[in-house]
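Take a look at the letters that make up each chain.
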Amino acid sequence: MKKELWMMTAAIPLCIVPAKAQFNTVATIPARYKVEVLRTDMNNAGATLENEAPVQGASTDILASADIDKKRWIDRYLSVSYPLRHIRINSPYGYRKDPFTGKKRFHGGLDLHARGDEVLAMMEGVVVKVGQDKASGKYVILRHGKYTVSYCHLSKILAVKGAAVRPRDVVGITGSTGRSTGEHLHITCKLDGKSVNPSVILDYIQSVRQECVEALAGL
Ligand SMILES: [Zn+2]
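Residues numbered from 1 in each chain as written. Predicted model: local features only at pLDDT ≥ 70, side-chain atom pairs only at ≥ 80, totals over all residues. Heavy atoms only, no water.

Trainee: Is there a simple way to think about the overall build of the protein in this case?
Mentor: Summing up its helical and strand segments, the protein has five helices and twelve strands in all. Expressed as a percentage of its 219 residues, the buried residues of the protein come to 38%. Residue pairs in contact within the protein that sit at least 24 positions apart in sequence constitute 67% of those at least 6 positions apart. Of the roughly 12000 Å² of accessible surface on the protein, 56% is carried by carbon and sulfur atoms. (Helix = DSSP H or I, 4+ residues; strand = E, 2+ residues; numbered from the N terminus. Buried < 20%, exposed > 50% of the residue type's maximum accessible area, 1.4 Å probe, protein only. Contact = heavy atoms within 4.5 Å. Areas by Shrake-Rupley, 256 points an atom, 1.4 Å probe, with all protein chains shown as cover.)

Encoded structure:
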């Protein structure tokens, strides 16, 4: 069973490796980053396999091993969360017609449809900053490894600077504060201080979940 899990891990589709590699690189910073912890466990499991004699344990051992595998995949599934319970993209990252001026302007974030919704932390991390300004309205900035994510135009801030967050922790309520034509959640993402498309994180979340669902189905 252990070996099967190891093989399955090795067979993760190549298409999701780049995003995963990026997050692995960043994941060493928050100590409680579950994805990293899981991968470490798996690496250890692989190393153990080479040294261990073939498993000839009783069925209870096999059952226990299956339970451990199941728990690992469930934990990994739960290590990520979409920022809203329902994801609908209103406006993507990149150049667009500015809703205020009508002129072509770079949109440095991703707009998600929202109506008084709870805004969730996407993975483990820390609250870097909370505040309010004319452009972003009420905002919360979270750090996940080398990535920082900001949630803007909130009606309510439910996070405190310096606090640790776990995936699915509610950090605010969506709204339309600041430079906003209507309620939505504006998400920005920075890697090493440089703006990147937040859909990188959404894609990563999707790939982790898909991987876990497939692994659990095969156990
Ligand atoms: Zn926006």
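Trainee: What's the story with the pairing of strand E11 (residues 184–191) in this structure? I'm lost.
Mentor: Along any regular strand the residues' side chains alternate between the sheet's two faces. Counting buried positions over the eight residues of E11 gives six, a clear majority of the element. As paired strands, strand E4 (residues 110–113) and E11 are joined by four bridges and run antiparallel to one another. Note on E11: the bridge partner recorded for Leu112 is Leu185. Bridging between strand E8 (residues 147–157) and E11 involves six bridges; their strand directions are antiparallel. Paired with Tyr151 across the bridge in E11 is Ile187. Pairing between E11 and strand E12 (residues 194–196): three bridges, direction antiparallel. Following the sheet pairing, Lys190 is matched in E12 by Ser195. Taking the residues that link successive antiparallel strands as the turn, the E11-E12 hairpin has two residues, and the phi of Asp192 there is positive, at about 55 degrees. (Pairing = 2+ DSSP bridges.)

Trainee: How do you make sense of the coordination of the zinc ion when you look at a structure like this?
Mentor: Working reference: metal with six octahedral donors, ideal angles 90 or 180 degrees; metal with four tetrahedral donors, ideal angle 109.5 degrees. Looking at the zinc ion, one finds its protein donor set to be His107 (NE2), Asp111 (OD) and His186 (ND1), positioned 1.9 to 2.2 Å from the metal centre. Positions of the donor residues of the zinc ion, expressed as sequence spacing, correspond to H-x3-D-x74-H. Note that Asp111 is positioned in strand E4 and His186 in strand E11, a separation of 75 residues in sequence. One exposure class covers both Asp111 and His186, and it is buried. (Donors = N, O, S within 2.8 Å, 3.2 Å for Na, K, Ca; no water.)

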